[in-house]
Amino acid sequence: MMIFLFLAIFLFVGYNVFTVSKFGVPNSLSATYYHLQQKYGCGLVFSVMLALVSIISMVVALEVTAGKWYQFLAFLTTIGTVFVAFSPRFKALEHTRVHSVSAVISITSALLLMAFMGYFRLALIPLMAFGIHTVIRKPIFIEKRVYITEIAVFLSIFIVLISEMSKCGI
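If you're wondering where the values come from, they're calculated on a predicted model, not measured in any experiment.

What counts and how
- Residues numbered from 1 in each chain as written.
- Predicted model: local features only at pLDDT ≥ 70, side-chain atom pairs only at ≥ 80, totals over all residues.
- Heavy atoms only, no water.
- Helix = DSSP H or I, 4+ residues; strand = E, 2+ residues; numbered from the N terminus.
- Rg over C-alpha atoms; globule rule 2.2 N^0.38 Å.
- Buried < 20%, exposed > 50% of the residue type's maximum accessible area, 1.4 Å probe, protein only.
- Contact = heavy atoms within 4.5 Å.
- Patch = residues over 30% accessible without salt bridge, like charges linked within 9 Å, V, L, I, M, F, W, Y side chains within 5 Å.
- Areas by Shrake-Rupley, 256 points an atom, 1.4 Å probe, with all protein chains shown as cover.
- Salt bridge = Lys/Arg side-chain N within 4 Å of Asp/Glu carboxyl O.
- Core = buried A, V, L, I, M, F, W, Y, C linked by side-chain atoms within 4.5 Å.

Asker: What exactly am I supposed to notice about the overall build of the chain here?
Answerer: Looking only at helices and strands, the chain has seven helices and zero strands in total. Rg of the C-alpha trace for the chain: 16 Å, near the compact-globule value of 15 Å for 170 residues, within the 12% margin. Here the C-alpha coordinates of the chain stretch approximately 45 × 35 × 30 Å along the principal axes. Within the chain, buried positions represent 44% of all 170 residues. Put simply, of all contacts in the chain between residues at least 6 apart along the chain, 64% involve residues at least 24 apart.

Structure below.
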């Protein structure tokens, strides 16, 4: 199971390193869909990467929360991200609501899940990242706050899953 999680982390980090190196820091993770689509005609890579990372994370998250009353949050966190993956064109009217609502459900569920699992301080990191970037009034920080927050949420969840898998001997 740990191998699958590391595969998901490798995919996520590799994707972000590639897109940031090619396009600079995006305004959001989903914005990379448009960058890839415009430059290479392969925005689908965003959807495939995010769906794979989410589904692998779902299997791990459901395993480490088995028998816990808050296990549904593991499902909501990851399924929300799957919906984001399959509605990547957030600028298009038919995708906007699904994409936005799914992203909010996913991030909110992730933060609650981390808190209920006993990682309250770790759950605060994405909120602090968003807050700091909101307070700093320079345009570069305001434009990039969503991406920085999304990366902080993903990394926090990965840390929690690795930690929990290590405790359980999975």
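Asker: For this particular structure, what's the right way to read a nonpolar patch on the surface?
Answerer: A contiguous nonpolar surface patch, about 770 Å² in accessible area, is contributed by Trp-69, Phe-72, Phe-75, Leu-76, Val-101, Ile-105, Leu-112 and Phe-116. Top contributing element to the nonpolar patch by residue count: helix H5 (residues 93–116), with four residues. With respect to the element layout, Leu-112 can be found in helix H5. Overall, the relative accessible area of 39% leaves Leu-112 in the partly exposed class.

Asker: What is the right way to read the nonpolar core from this model?
Answerer: Of all hydrophobic cores here, the largest spans 40 residues; its most connected members are Phe-12, Leu-29, Phe-46 and Leu-50. Mapped onto this core, the elements with two or more residues apiece are helix H1 (2–23), helix H2 (31–40), helix H3 (44–64), helix H4 (71–85), H5, helix H6 (120–135) and helix H7 (139–168). Not counting residues within four places of it along the chain, the set of residues in contact with Leu-29 comprises Phe-12, Tyr-15, Asn-16, Phe-46, Leu-50, Tyr-147, Glu-150 and Phe-154.

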